[in-house]
Structures are given as C-alpha cells and as structure tokens.
Amino acid sequence: MKTLIILFLAALLAMGCVSTREHPLQIYDFGIAAPPGSASGESVFVTEVRAADWLDTTDMFYRLAYRDPRALASYANSRWAGTPAAMLTVRLRQSVGNGSVARNPQVKCVLGLSLAEFSQVFATGNASRAVLHAQATLVENATAGRNMSREFRLERPTPTADAAGGAAAFSEVAAALSEELRAWISEAGFCKP
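Residues numbered from 1 in each chain as written. Predicted model: local features only at pLDDT ≥ 70, side-chain atom pairs only at ≥ 80, totals over all residues. Heavy atoms only, no water.

**Here's the deal with the confidence of the model for the protein**
Parts of the prediction with low pLDDT should not have their coordinates interpreted in detail. Across the protein, the average pLDDT comes to 87, with 85% of residues at 70 or higher. The low-confidence segment residues 4-20, where pLDDT is below 50, has zero contacts with residues more than four positions distant or belonging to other chains. (pLDDT = per-residue confidence, 0-100. Contact = heavy atoms within 4.5 Å.)

Below you can see the structure in the form of structure tokens.
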C-alpha cells in the first residue's frame, strides 16, 4: 500500500512539473532602447509617470472588444517586468529627457505624463492592437513659467494575437510616444537651454 501511495504521489508531482514546463511565466518589457534619432537639444526632466490605479500592476491587460469592451482580463502566464508607468518612465527618461532620475535645478522644462489606458484590444479572436492613452504636461522650470498640455492616443497592430505580440506592439507604441513627445517639446520652443 505504501508503495502504491508513493507511486501515486510521484505521478502527481511529475504531472505538475510537466504542466509548469508547458506554460512557464513569461516576463516582458519594451526591449533595449534605441538611441534617439537626433539630439533634441532640449533641457527636459521627465517626472515619474502616473497611472490610473488599475494600471498599478505588472499584469498584461487585454480587452475583447468583440464581446465586451468594458471588461478587462489579464494573461495568466505573462507579466510586464514592471508597471506600465515605471517602464514608460525609464524609456522616456532615456529617449526624451536628460536621462536623469534626479531633478536638476538648471533643467529648463519638466515633462509629466498621466497614463489612462494601456491594454491590448482584440477586435476579433485573432486581431488585436496595443492601445495607449495619456495626458502630457510640459512646464517651464521657472517662476510663473509657461506650461501646456496635450493628450496622446497611440495604437499599433500586434504581430500576433497573444501576449508576445502585445509586448512587441507596446514597444513600438513607446518608441512612437517618445518621438511625438520630442516633436511636441521642440514645437513648444521654451525648453532650449
């Protein structure tokens, strides 16, 4: 009887190990940042990106728009390496700001970003897109300095309708957001050192 119980437990343990190997946890980020296309010549500090409370997690969210666009779900075996806000903060500091994590008093402008949407939206079972909505604020770092704000809505189709495809598309969204922010800051004209 003991031998039978031991064999049964060994079989259960083996099945558990097999199922874990079939679906291991995948961790995604935006990949290694490419250097900015050209030096912007702007003096900008990027503050910590803020996000809606529901985005304060490493869950990779998706919406099945063809069923119920209001319902959020998350991938069971896939996670972000950090919260979307934390990952965007790092990427924007590398590509838009001066790369610093500490605010220098000599910096000319401060850029803030508030994230409202960051999810993979499925139009059908095999077609999805990465969707980011954010509000940016640019403030001149001077007494009674100028400020302006703008909403950014970016979407990119995913190469595959799964978490890996979503991560790839969000990498493109982060790069596009960086480019659009650099252009907007340049147009503002008051962040030159």
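**Here we look at helix α2 (residues 84-95)**
An α-helical segment advances 3.6 residues per turn. Residues three or four places apart therefore align on the same side. Here α2 spans 16 Å end to end across 12 residues, near enough to the 16 Å set by a 1.5 Å rise per residue. When you tally the buried positions in α2, you get nine out of 12 residues, the bulk of the element. Of all the residues in α2, the buried ones are P84, A85, M87, L88, T89, R91, L92, R93 and S95. (Helix = DSSP H or I, 4+ residues; strand = E, 2+ residues; numbered from the N terminus. Expected span 1.5 Å × (residues − 1). Buried < 20%, exposed > 50% of the residue type's maximum accessible area, 1.4 Å probe, protein only.)

**Things to note about the state of the cysteines**
This model, assessed by the stated rule, comprises one disulfide. A sulfur-sulfur separation of 2.1 Å characterises the disulfide bridge that pairs C109 with C191. Taking the torsion about the S-S bond as the criterion, the C109 to C191 disulfide, at about -100 degrees, is left-handed. One end of the pair, C109, is in strand β6 (residues 109-124); the other, C191, is in the segment after α3 (163-188), with 82 residues separating them in the sequence. The class for C109 is buried, based on a relative accessible area of 0%. A relative accessible area of 0% means that C191 is categorised as buried. (Disulfide = S-S within 2.5 Å.)

**Topic: empty space enclosed by the protein**
Scanning the model with the defined rule gives one cavity of 30 Å³ or more in all. The computed volume of the largest cavity comes to approximately 70 Å³. The set of elements that each furnish at least two residues to the lining of the largest cavity consists of β4 (59-64), β5 (72-80), β6 and α3. Residue classes in the lining of the largest cavity are distributed as eight nonpolar, four polar and one charged. (1 Å grid on protein atoms, 1.4 Å probe; cavity = no way out; pocket = protein on both sides within 12 Å on 5 of 7 lines; lining within 4 Å. Points joined across faces, edges and corners; volume = space filled by probe spheres on them. Nonpolar A, V, L, I, M, F, W, Y, C, P; charged D, E, K, R; others polar.)

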